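Chain and residue survey
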Amino acid sequence: MSPLAVADDRALGGSVRVIVTRPARLGAAKAAVDRCLRDIDLAASRFREDSELSRLNAAPETEVRVSALLARAIGEALRGARLTQGAVDPTVGEAVKLCGYDGDFASIAADGLPLDLLVRRVPGWQAVQFDPARHAVRVPRGVELDLGASAKALAADLSAAAAREAAGEGGVLISLGGDIAVAGEPPQGGWIIQVSEDSGAPIALGEETVAITAGGMATSSTTVRRWTRGGVVLHHIIDPATGLPASGPWRTATVVAATCVDANIASTAAIVMGERAAGWLEAAGLPARLVDRSGALHRTAGWPVPEASPSSLPANTQEPRSRLSS
Ligand code: AMP
Ligand code: MG
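Here is a short report on the structure shown in this document. Just so it is clear, the model here is predicted, and its values are computed rather than measured.

**A short note on unusual backbone geometry**
Positive phi, close to 50 degrees, is recorded for L12, a residue that is not glycine. Along the chain, the position of L12 falls in the loop between β1 (5-11) and β2 (14-20). The backbone of E61 sits at a positive phi, close to 60 degrees, despite the residue not being glycine. With respect to the element layout, E61 can be found in the loop between α2 (52-57) and β3 (63-65).

So, in structure tokens, the structure goes:
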């Protein structure tokens, strides 16, 4: 197998990994990824006051013309909401904060005093007026957009495309805290990816792997970004119907799709949908690996069962052709 070159970094509040199949092109690919992530952060971060998103949220009831990039991110978030009947919904912003996730995750205390938590449906994505042709957005008063799920996945897709173009040849894989997109010609046998609940888990022989050749993969989990307030464990995936952390049977969902954005819509939705998730994933044709609260695995829509020998490589291959509709 040809050697891969890897660059690790941090951005968007998480880890960044850039892998290229042509080691000489690593510098060019990484520079393109850096530019892309800087642009996304400036457009869509809820953690910096000077981002376009923060300025949009600070101007309720006003039509705001946003950049093409923020318009794209908002368009994807609203598309995800429509395709999941609101299981993913960018109007969770206020609920996320009320649950205690009100700054960059690194600044969130692991433990703290009790919070007053109210069961309250989030305002709902239908309340956002968006004209994609004019990049015009109007957010009602009391609605705070949070693009934490979709913008990171979009960043992975855009970075992969930009890195492949900058590299000029070969293939690239971008992982943003486990939201993965690939572009260009994959290594022989595909990109072999270790499937973990925590993107920070070390690569180890014997862990389940899956190979993809195109598209993206995303993992959503209630086990990683979690904190405790007054003895109550909270996490970062909100059920829009209650405004509280989702409480269904799945603690982690990993999905493969034609893009990282699609994979991410489905992985977040699976956690929120709970019991309904497997049927929805089957209907959408998106291979998924679900982990329940006890750690038991459920593979759906063609996600391959690993071979008996735990260290057997190469991984099962998967053709991530499924695309959620527009
Ligand atoms: P992910 O890890 O891709 O599932 O995205 C989770 C992030 O998206 C959270 O940190 C929140 O910023 C935001 N979020 C939480 N719940 C939802 C939801 N139901 N729909 C859309 N975004 C959400
Ligand atoms: Mg994600």
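Following the structure, the description resumes.
**Digging into the sheet that holds strand β7 (residues 171-176)**
Spatially, β1-β2-β7-β8-β11-β16-β17-β18 is the arrangement adopted by the 8 strands of the open sheet, whose pairing is antiparallel. The sheet is open, and its two borders are formed by β1 and β18 (297-300), each paired with just one other strand. Each strand of the sheet is rotated relative to its neighbour by a mean of 10 degrees, with strand direction disregarded. Summarising the sheet, β2 and β7 pair through 5 bridges and their orientation is antiparallel. Looking at the pairing, V20 lines up with V172 of β7. Sheet strands in contact with helix α1 (residues 26-44) are β1, β2 and β7, and its direction is about 145 degrees off that of β2.

**Regarding the site of ligand 1**
With respect to spatial proximity, 16 residues lie near ligand 1, and among them D146, S220, I238, N264 and T268 are the closest. Within the backbone of A149, one N or O atom sits 3.2 Å away from an oxygen atom of ligand 1. Within the complex, the protein chains bury 93% of what would otherwise be the 500 Å² of accessible surface of ligand 1. A total of 3 residues in the shell around ligand 1 trace back to one element, the largest contributor, which is helix α6 (residues 260-273). When the residues that make up the shell around ligand 1 are grouped by side-chain class, the tally is 9 nonpolar, 5 polar and 2 charged.

**Regarding the packing of helix α3 (residues 68-83) against α6**
The N-to-C vectors of α3 and α6 enclose an angle of 45 degrees; their axes lie 10 Å apart at closest approach. Compared by their axis directions, α3 and α6 come out oblique. Here α3 and α6 pass one another in a crossing that is right-handed. Across the interface between the two elements, E76, R79 and G80 from α3 touch V261, D262 and I265 from α6. Of the residues contributing to the contact of α3 with α6, the split by class is 2 nonpolar, 1 polar and 3 charged.

Quick notes on the rules
Residues numbered from 1 in each chain as written. Chains lettered and ligands numbered in written order. Predicted model: local features only at pLDDT ≥ 70, side-chain atom pairs only at ≥ 80, totals over all residues. Heavy atoms only, no water. Helix = DSSP H or I, 4+ residues; strand = E, 2+ residues; numbered from the N terminus. Pairing = 2+ DSSP bridges. Axes fitted to C-alpha atoms, helices over the stretch in contact; angles between N-to-C directions. Contact = heavy atoms within 4.5 Å. Near = heavy atom within 4 Å. Polar contact = N/O pair within 3.5 Å; in protein donor to acceptor, adjacent residues only side chain to side chain. Areas by Shrake-Rupley, 256 points an atom, 1.4 Å probe, with all protein chains shown as cover. Nonpolar A, V, L, I, M, F, W, Y, C, P; charged D, E, K, R; others polar. Parallel < 35°, antiparallel > 145°, perpendicular 65-115°, else oblique. Left-handed = near helix turned anticlockwise from the far one by under 90°.

Purely spatial values, then, with no claim about function.
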